[in-house]
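# Coordinate analysis (summary)
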Amino acid sequence: GSYVDLLAGALLPEHTQGLDSHRSFTVLYDAAEGGDRELQMHYDNSEVTLNINIGGDWEAGGVSYHGLATEPEDQAVVAEVAPKCGWGAFHAGLDLHKALPIASGRRHNLVIWCRSSGVRNKRCPMCFEAPRCLPTNRFGDEGFTVPPCRVSEASWDAGLRELFS
């Protein structure tokens, strides 16, 4: 397994049954007019998230955590982290969190949503119900492995084969 899978198994075992896919992207927070200074409260489409600050020079703009999306609000534990360049946060995808406004400068983050088909095949991480997958294309399985999310080559109709060949 990967280092992230080993970390998740040791630190967040209740949120994973082995990580087997991921989605990575970057986020830029910019205090300039028209820039994205903050991100409202949300939880991630992942079982665990690794969020690494990869650059910038900024003031303020921490990240606050408010407990799991599946827990009652009155049981939420609130914590705030002040990100430093080169440092990261490793948390459950279900952790409610928000990026607080930066006061000046820019902050650039690499976000890696790590997914476990063993978890998400039983419960959708966004609506918390059993997944009802619809076939789309071979690039959009979102970490599910229950049919028809992972479409085999044999099951593609001629139109889809033509589109992606």
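Our subject is the structure listed above.
Residues numbered from 1 in each chain as written. Predicted model: local features only at pLDDT ≥ 70, side-chain atom pairs only at ≥ 80, totals over all residues. Heavy atoms only, no water.

### A look at the pairing of strand β7 (residues 95-99)
As a reminder of what qualifies: When accessible area is computed with a 1.4 Å probe and restricted to protein chains, residues below 20% of their type maximum are described as buried, those above 50% as exposed, and intermediate ones as partly exposed. Numbering goes from the N terminus for both helices and strands, where a helix is a DSSP run of H or I of at least four residues and a strand is a run of E of at least two. Pairing between strands is defined by DSSP: at least two bridges between them are needed.
By the alternation rule, side chains of β7 split into Asp95, His97 and Ala99, which are all buried, and Leu96 and Lys98, of which none is buried. Sheet analysis places strand β2 (residues 39-42) next to β7, joined by 2 bridges and oriented antiparallel. When the bridges of β7 are listed, Leu39 appears paired with Ala99. Summarising the sheet, strand β4 (residues 63-68) and β7 pair through 4 bridges and their orientation is antiparallel. Following the sheet pairing, Leu68 is matched in β7 by Asp95.

### Things to note about the state of the cysteines
The criterion, for reference: By convention in this document, the label disulfide applies to cysteine sulfur atom pairs within 2.5 Å.
Applying the stated criterion across every chain, the model contains 0 disulfides. Not engaged in a disulfide, the cysteine Cys127 finds its nearest cysteine sulfur in Cys124; these two sulfurs lie 3.8 Å apart. On the basis of relative accessibility, which here comes to 40%, the residue Cys127 falls in the partly exposed class.

### Points about the pattern of salt bridges
Quick note on the threshold: When a carboxyl oxygen of Asp or Glu lies within 4 Å of a side-chain nitrogen of Lys or Arg, that pair is called a salt bridge.
Considering all chains together, one arrives at 2 salt bridges under this definition. Asp30 is paired through a salt bridge with Arg106; the nearest N and O atoms lie 3.5 Å apart. Remark: Arg106 occurs in strand β8 (residues 102-115) and Asp30 occurs in strand β1 (residues 21-30); sequence separation between them is 76 residues. When its relative accessible area of 16% is taken as the criterion, Asp30 is described as buried. Residue classification places Arg106 among the partly exposed residues on the basis of a relative accessible area of 44%. Glu47 serves as the salt-bridge partner of Arg120, at 3.1 Å between the closest nitrogen and oxygen.

### Regarding the environment of Glu47
For clarity, the threshold we go by: Here, two residues are considered to be in contact whenever any of their heavy atoms come within 4.5 Å of each other. Counted as a polar contact is a pair of N or O atoms within 3.5 Å, where, for protein atoms, one must be capable of donating a hydrogen and the other of accepting one, and residues adjacent in sequence contribute only when both atoms are in side chains.
Along the chain, Glu47 falls in the loop between β2 and β3 (48-60). Remark: the alpha-carbon pair of Glu47 and His15, spanning 32 residues in sequence, is separated by 5.7 Å. Other than its neighbours up to four places away in sequence, Glu47 contacts His15, Ala92, Gly93, Cys114, Arg115, Ser116, Val119, Arg120 and Pro125. A polar side-chain atom of Glu47 sits 2.6 Å from the main-chain amide nitrogen of Ser116.

### Thoughts on the pairing of β3
Pairing geometry for β3 and strand β6 (residues 88-92), over 5 bridges, is antiparallel. Following the sheet pairing, Ile52 is matched in β6 by Gly88. Across 12 bridges, β3 lies against β8 in antiparallel orientation. Across the sheet, the residue bridging to Trp58 is Gly105, located in β8.

### Remarks on the environment of Leu96
Mapped onto the secondary structure, Leu96 falls in strand β7. With near-sequence residues (within four places) excluded, Leu96 lies in contact with Met41, His42, Tyr43, Ser64, Tyr65, His66, Gly67, Leu68 and Ala69.

### As for the sheet that holds β6
Operational definition: The axes used here are C-alpha line fits, helices contributing only the stretch in contact, and every angle between their N-to-C directions lies in the interval 0 to 180 degrees.
Read across the sheet, 4 strands follow the order β1-β8-β3-β6 without closing on themselves; strand pairing throughout is antiparallel. Where the open sheet ends on each side, the last strands, each with one partner, are β1 and β6. When the angles between neighbouring strand axes are averaged without regard to direction, this sheet yields 20°. Helix α1 (residues 3-11) contacts β3, β6 and β8 of the sheet and is inclined by roughly 55° relative to β6.

### Digging into the sheet that holds β4
Strand order across the open sheet formed by 4 strands is β2-β7-β4-β5, with antiparallel pairing between neighbours. Looking at strand neighbours, the two that pair on one side only are β2 and β5 (79-81), the edges of this open sheet. The average undirected angle you get between the axes of adjacent strands in this sheet is 20°. One ladder, built from 3 bridges, connects β4 with β5; its direction is antiparallel. Directly across from Ser64, in β5, lies its bridge partner Glu80.

Nothing here speaks to function; it is geometry throughout.
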